Amino acid sequence: MFKFFPHTEEEVREMLKVAGVNSLEELYADVPESIRFNGEYDIPEAKSELEVRQLLEHFGLLNDQLISFAGAGVYDHYIPAAVPNIISRSEFLTSYTPYQAEISQGTLHYIFEFQSMMAELTGMEISNASMYDGSTATAEAAAMAMVSGKKCTKVLASRTIDPKTLRVVETYAKYQGFDIELIDEKDGVTDREDMRRRLNEGGVAGVILQAPNYYGIVEDYTGFADDIHEKKALMIMNSVAADLAVLRTPGEWGADIAVGDGQSLGIPMSFGGAYVGYLCCSEKLIRKMPGRIVGMTHDSNGKRAFVLTLQAREQHIRRQKATSNICSNQSLMALNATIYMSLMGKEGLKEAAELSYAGAHYLCDELVKTGHFKPAYNQPFFNEFCVKYDGDVDALQNRCIAAGYLAGVKIDDHTLMLAVTEKRQKNEIDELVELMKEDVK
């Protein structure tokens, strides 16, 4: 037997005896010989730890390390050096669901702090933990609205929300038996009159909006909550978490549920994940929330302690009646976000957001000055914006990539969406503009 197998030969023989077979090979007797692999596996020789690290570093260097001016939900933010060191501490570093409070105080503590910070950041009363990402959190909010609504068959979603998020919501809706209807957009923002018309048709459980929206536009949602609540529906608002440090919060807009992705809170881009979602809501919806809520109490000696205050029993016992069966502990990334927010503080988050805003507006102005670009929408934006280009967008992006710059996200054949964070220096912005101002037809 190989040393890395956990069982002794005697234990294997005993298990085979119980299974009623004489050898491990007999377990595969039903697999036709014609499709079995009988050769030698192409596995390299054993390597030392140093050699493995060098090999992985080599693979990593094969990726193009570009200066990113792309966003669309994933942003290149500054991450304090202390973050990866703190999250690796033994009392924190676990993905195990903290059912046993007495041995899970570290995990329960940071989940409690994450909830507290997200509730304050969103302006909502309640926050949970264990959302996988912003898209699934939005879909969970839609399911919450359906459970809360009576005789409702559909959820409305603005066409200005991220298409990736919309596809996930539509998948959830398909298999949970409700419909998603799209609200028209007008000049890059949600068409309020079309929303009102669809609400008047009845059967609407909730309305999903995004702030800033997919195009980076900061929409004015004044009065939207009144329209939605008048028809007994819930207002769901998706936001990039870091933007809420300076923008009006979902709570201030009158939202019932606030959702989004926490990647902007110090989580590396990591080629697409893993990230973390957040879901906050008003107190009246607390028992409709997926996931779990950690609370603070005191033990018999009067010492502060953390516990699982609320978790839907349907997730464990009556699963067929559950709003959601999100049960696994997606909290390592929540810990990352919590440490980041703790180190940055309110003023640090605000400063990073303001630098991002200033950089984006500077880049937009400089591009317009070239004569090759014009704003795609006459709307206010934060740190992300769309421009129309008079040339070949693909050729432009390829030239920028060759020079080490990821020049935004292509929206269509003539529209480019660019994002700026506090990491982008003025000289980087100026160099990008120089690359983009040359004629590329």
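Presented here is a report on the structure given in the accompanying data block. Being a predicted model, the structure only gives us computed values, none of them experimental. (Residues numbered from 1 in each chain as written. Predicted model: local features only at pLDDT ≥ 70, side-chain atom pairs only at ≥ 80, totals over all residues. Heavy atoms only, no water.)

1. Description of the pattern of salt bridges
The final tally for this structure, using the stated rule, is 24 salt bridges. Of the charged contacts, one joins arginine 424 and aspartate 76 as a salt bridge, the two residues approaching to 2.9 Å between their closest N and O atoms. A residue pair is termed long-range when its members are at least 10 positions apart, and arginine 424 in the loop between β17 (415-419) and α12 (426-436) and aspartate 76 in the loop between β1 (67-68) and α3 (82-87) qualify at 348 residues. Between lysine 186 and aspartate 191 there is a salt bridge, with its nearest N and O atoms 4.0 Å apart. What makes lysine 186 exposed here is its relative accessible area of 52%. Taking the relative accessible area as the measure of exposure, aspartate 191 reaches 14% and is therefore buried. (Salt bridge = Lys/Arg side-chain N within 4 Å of Asp/Glu carboxyl O. Helix = DSSP H or I, 4+ residues; strand = E, 2+ residues; numbered from the N terminus. Buried < 20%, exposed > 50% of the residue type's maximum accessible area, 1.4 Å probe, protein only.)

2. Focus: the side chain of glutamine 210
Among the structural elements, glutamine 210 can be located in strand β7 (residues 204-210). Within the local environment of glutamine 210, its side chain forms a polar contact with the backbone nitrogen of aspartate 162, the two atoms lying 2.9 Å apart. In this structure the side chain of glutamine 210 is engaged in a polar contact, spanning 3.4 Å, whose partner is the backbone oxygen of proline 212. Excluding residues that lie within four positions of it along the chain, glutamine 210 makes contacts with Thr160, Ile161, Asp162, Glu219, Tyr221 and Asn238. (Polar contact = N/O pair within 3.5 Å; in protein donor to acceptor, adjacent residues only side chain to side chain. Contact = heavy atoms within 4.5 Å.)

3. With respect to the pairing of strand β16 (residues 409-412)
Two elements, β16 and β17, share three bridges in a ladder whose sense is antiparallel. Considered in β17, the bridge of lysine 410 is made with leucine 416. The turn joining β16 and β17, which pair antiparallel and follow one another in sequence, is formed by two residues. (Pairing = 2+ DSSP bridges.)

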